[in-house]
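One letter stands for each residue in the lines below.
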Amino acid sequence: MSRWLSGQVRFILLAFVLLALSGSVSALRLPVSLFPHIDFPRVVVALDAGDRPVDQMVNQVTRPVEQALRTVPGVVGVRSTSSRGSAELSVNFAWGADMVAATLQAESAVNAVVPDLPAGTRFEVRRMDPTVFPVLGLALVSPSRDPIALRDFGHLQLAPLLSSVPGVASVTVLGGQEKEYQVLADPARLQALGLSIEDLARTLSSNNVVVATGRLEDRYRLYLVLADNRLTGIDDIRRTVVQTGTRGVVELDDIAQVVTRQTPQWTRVTSQGRDAVLLNIRQTPDANSVALVKEVRRRLAEFASQTPPDVQIVTYYDQSQLVTAAAGSVRDAILLGALLAGIVLFIFLRSLRFMLIVALLLPATLAATTVVLGLMGMSFNMMTLGGMAAAVGLVVDDAVVMLEHLMRRLQERHRGSDAGGSVLEAASEMIRPLIGSSLATVLVFAPLAFLGGVTGGFFKALAMTMSAALAISLLFALFVAPLLADRWVRDRDVQQAEKSGAILDRFGGRYETLMRRVLKAPGRIALIVGMIMLVVGGFAYSRVGSGFMPKMDEGGFILDYYAAPGTSLAETDRLLRQVEVTLQNTAAVES
């Protein structure tokens, strides 16, 4: 190996530099998200049938849709929850199923039974994945604007603006109120004219259309002729002709009162103690959360000149902050690991050059790991970043073990011992120990990549990241570290390491004395220590809690308030505004 290394110095160092640079570029382009992308084998179908009672909802809507969904290939089970006017059905498939095709088939199955459902039934089919939750939540608050104007601003201006941001899947507008025109008919006049409510509804629908009436060709151009008969306002509605005949022309204003009202409100949203409108921004599965949020904020800053001065845009949720904090933790782990490894090397070897080698190998290894993540279509998330942070200690260990062995051989050569040789020859002696230790660690984590279910979906990213980092660390420790040490380490470094050896010799003498006493009765000592560790471990195991994911502090909490059954929306809102006042008076609460 030493002969091969001496003949491939330029190739190895060039490959090392290229991998580090490629990793740096890949790290800037790699998507960033909170969790790894997982195709959960579940499709959710949401049904809305107005105010239909629960028993009718089950018989007329939920059961027919259930039966249709069971015909979809690959369905494992269907679970439904029905309430007044709405139902939600969860369709489960086997892990590994093509969820894009499954979603389309489920939507097609529901479409096939829609004609048999009650008129006006609407449905929505969506896949379940980590991006089902918003990546950014904004609240629109105004001290002077009414809820209708506030919702129109969010729905007609902000939502289209933010939907055009690359990586945004949807922008959902919640809260506020919508304006509608209500026709309050006089029953006596309707009866006198022989009309019904259905006649009025049919007349209004037929008078609010755009119809293509033909084509007109003139010289070089062909024109499409449209008859635009849409109702543009309350006056047009009032002048709508309802009936003609011997009694003359009867307009809607003659038999009914047309007024402007607000649509019935079943959900009320407040922020900062005022009525508000929420904009929930969801990302696509392959989007970069941090870059998406930055671009959204940039668009809002550019749109500030067109935003009414009395409208305040408040951020109530920002998922990118958690991702940024995780990335910062990995950065701190890298810096701290490199610093501590350098300090250890300096204390025991007194070599600044060895410190520099570790400082180069650690970030280069993690940078090269991002190349592997990019090739595998993965992203920076809690699991991959956690894998990098956990691999820092193992990466440093490979470099430290190799450098310490090289220094020991250099010291032996300095003393004139036959055991000491060149740096590259000393490196070849560490091939088996390093490969054995690294492969043992990789084989511990590799099986996690083959787990099934939700656990496998999350831990695959962790296992692949750590395995890639350890494999790259092994290559760098075997091939790059010896070449750098061979060219950078001087005789002065060896002399400094010789001087620091006195401290280690004292520790070594005490360790030798201790081990001589222990090895006089190895079986007894092993039994006692093993029993103590077994008891302590069993006690600790019974006290340690369990869970799927570790606790994460996002700097906020969700308060679910349940009022008594039958409580009106206005009364619930009154009670919750009191809760809001209490929370706002808490010093630690920002919003």
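Preceding this paragraph is the structure being described.
Okay, so let's go over this structure.

Focus: the overall build of the chain
- Secondary structure summary: the chain contains 19 helices and 15 strands in total.
- For the chain, buried positions account for 36% of its 591 residues.
- Long-range contacts, defined as pairs at least 24 residues apart, comprise 76% of the intrachain contacts of the chain with a sequence gap of at least 6.
- When the accessible surface of the chain is split by element, carbon and sulfur atoms take 58% of a total near 34500 Å².
- Distance between charge centres in the chain, computed from 55 positive and 53 negative side chains, equals 9 Å.

A word on the sheet that holds strand β2 (residues 75-83)
- Pairing is antiparallel across the open sheet formed by four strands, whose spatial order is β2-β3-β1-β4. The open sheet is flanked by β2 and β4 (122-127), the only strands paired with a single partner. For this sheet, the mean angle separating the axes of adjacent strands, direction not counted, is 15 degrees.
- Pairing of strand β1 (residues 42-48) with β4 involves six bridges; the strand directions are antiparallel. Pairing of Val-43 across the sheet is with Arg-127, part of β4.
- Docked against the sheet, helix α3 (residues 54-69) engages β1, β2 and β3 (86-93), running at close to 165 degrees with respect to β2.

A closer look at the packing of aromatic side chains
- Following the criterion strictly, the structure yields three aromatic pairs and no others.
- On the basis of an interplanar angle of 65 degrees and a centroid distance of 6.2 Å, the ring pair of Phe-40 and Trp-95 is categorised as edge-to-face. In this pair, Phe-40 is assigned in the loop between α2 (9-29) and β1 and Trp-95 in the loop between β3 and α4 (99-113), connecting sequence segments 55 residues apart.
- Phe-40 sits in the partly exposed class, given a relative accessible area of 21%.

Some remarks on the environment of Leu-475
- Mapped onto the elements of the fold, Leu-475 is located in helix α16 (residues 453-488).
- A C-alpha to C-alpha distance of 9.8 Å links Leu-475 and Phe-16, two positions 459 residues apart in sequence.

As for the packing of α2 against helix α12 (residues 352-375)
- Their axes nearest at 7 Å, the elements α2 and α12 cross at an angle of 60 degrees. The angle between α2 and α12 falls in the class oblique. Crossing handedness for the pair α2 and α12: left-handed. Residues Phe-16, Leu-19, Ala-20, Ser-22, Gly-23, Ser-24, Ser-26 and Ala-27 of α2 form the contact with α12, whose participating residues are Leu-360, Leu-361, Ala-364, Ala-367, Ala-368, Thr-370 and Val-371.
- Grouping the amino acids of the contact of α2 with α12 by side-chain chemistry returns 10 nonpolar, five polar and no charged.

Comments concerning the environment of Ser-379
- Assignment of secondary structure puts Ser-379 in the loop between α12 and α13 (382-415).
- In the structure, Ser-379 is positioned 93 residues away from Asp-286 in sequence and 8.3 Å away in space, judged by C-alpha atoms.
- Those residues in contact with Ser-379 that sit more than four places away from it in its chain are Leu-30, Pro-31, Ser-33 and Thr-384.

Comments concerning the pattern of salt bridges
- Within the structure shown, the criterion is met by 17 salt bridges.
- Taking the shortest distance from any N to any O, the salt bridge between Glu-178 and Arg-151 comes out at 3.9 Å. In this pair, Glu-178 is assigned in the loop between β6 (168-175) and β7 (179-185) and Arg-151 in helix α5 (residues 147-163), connecting sequence segments 27 residues apart.
- A relative accessible area of 42% means that Glu-178 is categorised as partly exposed.
- Judged by its relative accessible area of 15%, Arg-151 falls in the buried class.
- The partner of Arg-577 in a salt bridge is Asp-275, and the shortest N-O contact between them spans 2.5 Å. Of this pair, Arg-577 sits in helix α19 (residues 569-584) while Asp-275 is found in strand β14 (residues 274-283), placing the two residues 302 residues apart along the sequence.
- Its relative accessible area of 33% is what places Asp-275 among the partly exposed residues.
- Through salt bridges with shared partners, one network takes in Arg-268, Asp-275, Asp-573 and Arg-577.

Overview of α19
- Between the first and last C-alpha of α19 there are 22 Å, a value that for 16 residues agrees with the 22 Å anticipated at 1.5 Å per step.
- Buried residues of α19: Thr-572, Asp-573 and Glu-580, and no others. When α19 is viewed along its axis, its buried side chains cluster within an angular range of 95 degrees and face the same direction.
- Contact partners of the buried residues in α19: β13 (270-271).

A few points about the nonpolar core
- Within the largest apolar cluster, 62 residues are counted, with the highest numbers of intra-cluster contacts made by Leu-361, Met-402, Leu-403, Leu-406, Phe-476 and Ala-485.
- Mapped by element, the contributors of at least two residues to this core are α2, α11 (319-349), α12, α13, α14 (423-428) and α16.
- At 15 residues, the largest contribution of residues to this core is made by α16.
- Excluding its chain neighbours within four sequence positions, the residues that come into contact with Leu-406 are Val-423, Ala-426, Ala-427, Pro-482 and Ala-485.

Re the environment of Ser-142
- Mapped onto the elements of the fold, Ser-142 is located in the loop between β5 (136-141) and α5.
- Placed 95 residues apart in sequence, Ser-142 and Leu-47 show a C-alpha to C-alpha distance of 33 Å.
- Each residue touching Ser-142, except ones within four places of it in the same chain, is listed here: Leu-150, Arg-274, Asp-310 and Val-311.
- In this structure the side chain of Ser-142 is engaged in a polar contact, spanning 3.4 Å, whose partner is the backbone nitrogen of Ser-144.
- A polar contact of 3.1 Å, which involves the side chain of Ser-142, links it to the backbone oxygen of Asp-310.

Notes on the pairing of β1
- Pairing between β1 and β3: seven bridges, direction antiparallel. Looking at β3, one finds that Val-45 is bridged to Leu-89.

Concerning the side chain of Arg-299
- With respect to the helices, strands and loops of the structure, Arg-299 is situated in helix α10 (residues 289-302).
- Leave out the neighbours within four places in its chain, and Arg-299 touches Leu-161, Ser-164, Val-165 and Pro-166.

Focus on the packing of helix α15 (residues 431-445) against α16
- Relative orientation of the contacting elements α15 and α16 amounts to 175 degrees, with a least axis distance of 9 Å. Here α15 lies roughly antiparallel to α16, going by the angle between them. Packed against α15, whose contacting residues are Ile-431, Leu-434, Ile-435, Ser-438, Thr-441, Val-442 and Phe-445, the element α16 presents Ala-463, Met-466, Ser-467, Leu-470, Leu-474, Ala-477 and Leu-478 at the interface.
- Broken down by class, the residue content of the contact of α15 with α16 amounts to 11 nonpolar, three polar and no charged.

The rules behind the values
- Residues numbered from 1 in each chain as written.
- Predicted model: local features only at pLDDT ≥ 70, side-chain atom pairs only at ≥ 80, totals over all residues.
- Heavy atoms only, no water.
- Helix = DSSP H or I, 4+ residues; strand = E, 2+ residues; numbered from the N terminus.
- Buried < 20%, exposed > 50% of the residue type's maximum accessible area, 1.4 Å probe, protein only.
- Contact = heavy atoms within 4.5 Å.
- Areas by Shrake-Rupley, 256 points an atom, 1.4 Å probe, with all protein chains shown as cover.
- Lys, Arg positive; Asp, Glu negative; His and termini not counted.
- Charge placed at Lys NZ, Arg CZ, Asp CG, Glu CD.
- Pairing = 2+ DSSP bridges.
- Axes fitted to C-alpha atoms, helices over the stretch in contact; angles between N-to-C directions.
- Phe/Tyr/Trp six-rings, centres within 6.5 Å; stacked < 30°, edge-to-face > 60°.
- Parallel < 35°, antiparallel > 145°, perpendicular 65-115°, else oblique.
- Left-handed = near helix turned anticlockwise from the far one by under 90°.
- Nonpolar A, V, L, I, M, F, W, Y, C, P; charged D, E, K, R; others polar.
- Salt bridge = Lys/Arg side-chain N within 4 Å of Asp/Glu carboxyl O.
- Expected span 1.5 Å × (residues − 1).
- Arc of directions from axis to C-beta.
- Core = buried A, V, L, I, M, F, W, Y, C linked by side-chain atoms within 4.5 Å.
- Polar contact = N/O pair within 3.5 Å; in protein donor to acceptor, adjacent residues only side chain to side chain.

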